[in-house]
Amino acid sequence: QVHMVESGGGSVQAGGSLRLSCEVSGYSVTTACMAWFRQAPGAEREGVAAIDRGGPTTYDDSVQGRFTISKDNAKNTLYLEMNSLKPEDTAMYYCAAGVDSGDYVPLRVEEYNYWGQGTQVTVSS
């Protein structure tokens, strides 16, 4: 009964900004480890940003300083603020949730067992 719904994707020009949202039901963002992943055509799914139960965040080097992951516990919603977008950021973006059981690697796909349907982000030059 866990549902995760992403929204906020779209098409923008390089240098623009987008804010992605992930509304979660049947699971608590307060107790879960949450993350954003992305997958471009022909490429593997890769970790973008993660936030653990206590709040610490992890970013892939490619988005460090440009993207910000956050969550609103009251709304049970995860966010990804994306600034200074580049064409190489173009991908389908997915929200993910998992539980930190002690061997947590923030940007590893295998850590997450709940996924949203994805929202497309396209950045043109």
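Anyway, here's the lowdown on the structure attached to this text. On a predicted model such as this, the values are computed, not experimentally measured, just so you know.

1. A closer look at the nonpolar core
Counting 28 residues, the largest nonpolar core has Met34, Trp36, Leu80, Met82 and Tyr93 as its most contacted members. Mapped onto this core, the elements with two or more residues apiece are β3 (18-25), β4 (33-39), β5 (46-51), β7 (67-72), β8 (77-82), β9 (91-98) and β11 (119-124).

2. Details of unusual backbone geometry
One non-glycine residue, Asn76, adopts positive backbone phi at about 50°. With respect to the helices and strands, Asn76 occurs in the loop between β7 and β8. Of the residues examined, Asn76 reaches a relative accessible area of 15% and is grouped as buried. A positive phi angle is found at Ser84, which is not glycine, with a value near 50°. Mapped onto the secondary structure, Ser84 falls in the loop between β8 and β9.

3. Section: the state of the cysteines
A complete count under the given rule lists 1 disulfide for this structure. Two residues share a disulfide in this structure: Cys22 and Cys95, whose sulfurs sit 2.2 Å from each other. Residues Cys22 and Cys95 are joined by a disulfide whose S-S torsion is about -80°; by sign, that bridge is left-handed. Here Cys22, found in strand β3, pairs with Cys95, found in strand β9; they are 73 residues apart in sequence, far enough to count as distant. The residues Cys22 and Cys95 share a single accessibility class, namely buried. Of all cysteine sulfurs, the one in Cys95 lies closest to Cys33, which takes part in no disulfide; the gap is 13 Å. By relative accessible area, Cys33 is classed as buried at 1%.

4. Observations regarding the sheet that holds β8
Spatially, β1-β3-β8-β7 is the arrangement adopted by the 4 strands of the open sheet, whose pairing is antiparallel. Among the strands making up the open sheet, the edge pair consists of β1 (3-7) and β7. Direction aside, neighbouring strands of the sheet carry axes that sit 15° apart on average. As defined by bridge partners, β7 adjoins β8 across 6 bridges and the pair is classed as antiparallel. Looking at β8, one finds that Lys71 is bridged to Leu78.

5. A short note on the packing of aromatic side chains
Scanning the model with the defined rule gives 5 aromatic pairs in all. Seen from their ring centres, Tyr27 and Tyr114 are 5.0 Å apart, and the 55° between their planes marks the pair as tilted. Placement of the pair is Tyr27 in the loop between β3 and β4 and Tyr114 in strand β10 (residues 114-115), with a sequence separation of 87 residues. In this structure, Arg19 packs its charged tip against the face of Tyr79, placed 4.0 Å from the ring centre. Over the face of the ring belonging to Tyr94 we find Arg45, whose NZ or CZ atom lies 3.8 Å from the ring centre.

6. Here's the deal with the pairing of β11
Alternating residues of β11 divide into Thr119, Val121 and Val123, all buried, and Gln120, Thr122 and Ser124, none buried. In this structure, strand β2 (residues 10-13) lies alongside β11, joined through 4 bridges in parallel fashion. Paired with Gln13 across the strands is Ser124, a residue of β11. As defined by bridge partners, β9 adjoins β11 across 3 bridges and the pair is classed as antiparallel. Paired with Met92 across the bridge in β11 is Gln120.

Reading guide: rules and limits
- Residues numbered from 1 in each chain as written.
- Predicted model: local features only at pLDDT ≥ 70, side-chain atom pairs only at ≥ 80, totals over all residues.
- Heavy atoms only, no water.
- Core = buried A, V, L, I, M, F, W, Y, C linked by side-chain atoms within 4.5 Å.
- Buried < 20%, exposed > 50% of the residue type's maximum accessible area, 1.4 Å probe, protein only.
- Helix = DSSP H or I, 4+ residues; strand = E, 2+ residues; numbered from the N terminus.
- Disulfide = S-S within 2.5 Å.
- Pairing = 2+ DSSP bridges.
- Axes fitted to C-alpha atoms, helices over the stretch in contact; angles between N-to-C directions.
- Phe/Tyr/Trp six-rings, centres within 6.5 Å; stacked < 30°, edge-to-face > 60°.
- Lys NZ or Arg CZ within 6 Å of the ring centre and 35° of its normal.

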